[in-house]
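Architecture and fold: a report
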Amino acid sequence: MNPTDRAELARLWTAWLECRASAGAERERLIEKAGDHMCAGCPAPNENEVAALEQLERGHRAAWQAYSSRLLHVYAIASWASRIGLEKPTVLGGSRGGPPSGD
């Protein structure tokens, strides 16, 4: 894997982790708020809070899609290079080689 692919995957992974943490924290907060409403009569989550959570969860899914698509793209290139006999393709960070030695 070349340094550009590695950096892009790291960036996408970090973005996904941040989205997951934000959505998870907000989801937990709203669940607790709903529980407090049911048990103690405190205010229930309002429509704006629920809409904001839905937005965070959409961002979480989009971040995962971006990361997994890029990861699969990188591995598809590696698989293709392997099938045609490139030992270390430029795309993956090595030098282009011919068929494996030993023929």
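Not measured: the values here are computed from a predicted model. (Residues numbered from 1 in each chain as written. Predicted model: local features only at pLDDT ≥ 70, side-chain atom pairs only at ≥ 80, totals over all residues. Heavy atoms only, no water.)

With that settled, the discussion passes to the overall build of the protein chain. If you tally the helices and strands in the protein chain, you get two helices and zero strands. Residues counted as buried form 21% of the 103 residues belonging to the protein chain. The long-range fraction of contacts in the protein chain, counting pairs at least 24 apart against all pairs at least 6 apart in sequence, stands at 49%. In the structure as shown, the protein chain presents an accessible area of about 7200 Å², 58% of it carried by carbon and sulfur atoms. (Helix = DSSP H or I, 4+ residues; strand = E, 2+ residues; numbered from the N terminus. Buried < 20%, exposed > 50% of the residue type's maximum accessible area, 1.4 Å probe, protein only. Contact = heavy atoms within 4.5 Å. Areas by Shrake-Rupley, 256 points an atom, 1.4 Å probe, with all protein chains shown as cover.)

The next subject is the side chain of Glu26. Inspection of the secondary structure puts Glu26 in helix α1 (residues 3–40). Take Glu26: its relative accessible area is 18%, and that puts it in the buried class. The contacts of Glu26, once residues within four sequence positions are left out, are Glu49, Leu53 and Leu56.

For the structure shown, the criterion picks out six salt bridges. Arg70 is paired through a salt bridge with Asp5; the nearest N and O atoms lie 2.2 Å apart. Residue Arg70 is found in helix α2 (residues 47–83), and its partner Asp5 is found in helix α1; the two are separated by 65 residues along the sequence. Classification of Arg70 by relative accessible area gives partly exposed; the value is 24%. The exposure class of Asp5 is buried, given its relative accessible area of 7%. One salt bridge connects Glu49 with Arg29, and the closest N-O pair in it is separated by 3.0 Å. Placement of Glu49 in helix α2 and of Arg29 in helix α1 is noted, with a sequence separation of 20 residues between them. (Salt bridge = Lys/Arg side-chain N within 4 Å of Asp/Glu carboxyl O.)

The next point concerns the confidence of the model for the protein chain. Of the residues in the protein chain, 82% have a pLDDT of 70 or more, and the chain-wide mean is 83. Predicted confidence is poor over residues 91–103, with pLDDT under 50, and the contacts of this stretch with residues over four places away or in other chains come to 28 contacts. (pLDDT = per-residue confidence, 0-100.)

A word on α2. Between its terminal C-alpha atoms α2 stretches 53 Å, which fits the 54 Å expected from 37 residues at 1.5 Å a residue. Listed as buried for α2 are Glu49, Leu53, Glu57, His60, Ala63, Tyr67, Ser68, Val74, Ile77 and Ala81. In this structure, the buried residues of α2 make contact with α1. Where α2 begins, the capping side chain belongs to Asn46, and its oxygen is found 2.9 Å from the backbone nitrogen of Asn48. (Expected span 1.5 Å × (residues − 1). Polar contact = N/O pair within 3.5 Å; in protein donor to acceptor, adjacent residues only side chain to side chain.)

What describes two packed helices is the angle between their axes and the distance between those same axes. Interaxial distance between α1 and α2 falls to 8 Å at its minimum, and their mutual angle equals 155°. Judged on the interaxial angle alone, α2 and α1 are roughly antiparallel. By crossing handedness, the relation of α1 to α2 is classed as left-handed. For the contact of α1 with α2, the class distribution of residues is 17 nonpolar, three polar and ten charged. (Axes fitted to C-alpha atoms, helices over the stretch in contact; angles between N-to-C directions. Parallel < 35°, antiparallel > 145°, perpendicular 65-115°, else oblique. Left-handed = near helix turned anticlockwise from the far one by under 90°. Nonpolar A, V, L, I, M, F, W, Y, C, P; charged D, E, K, R; others polar.)

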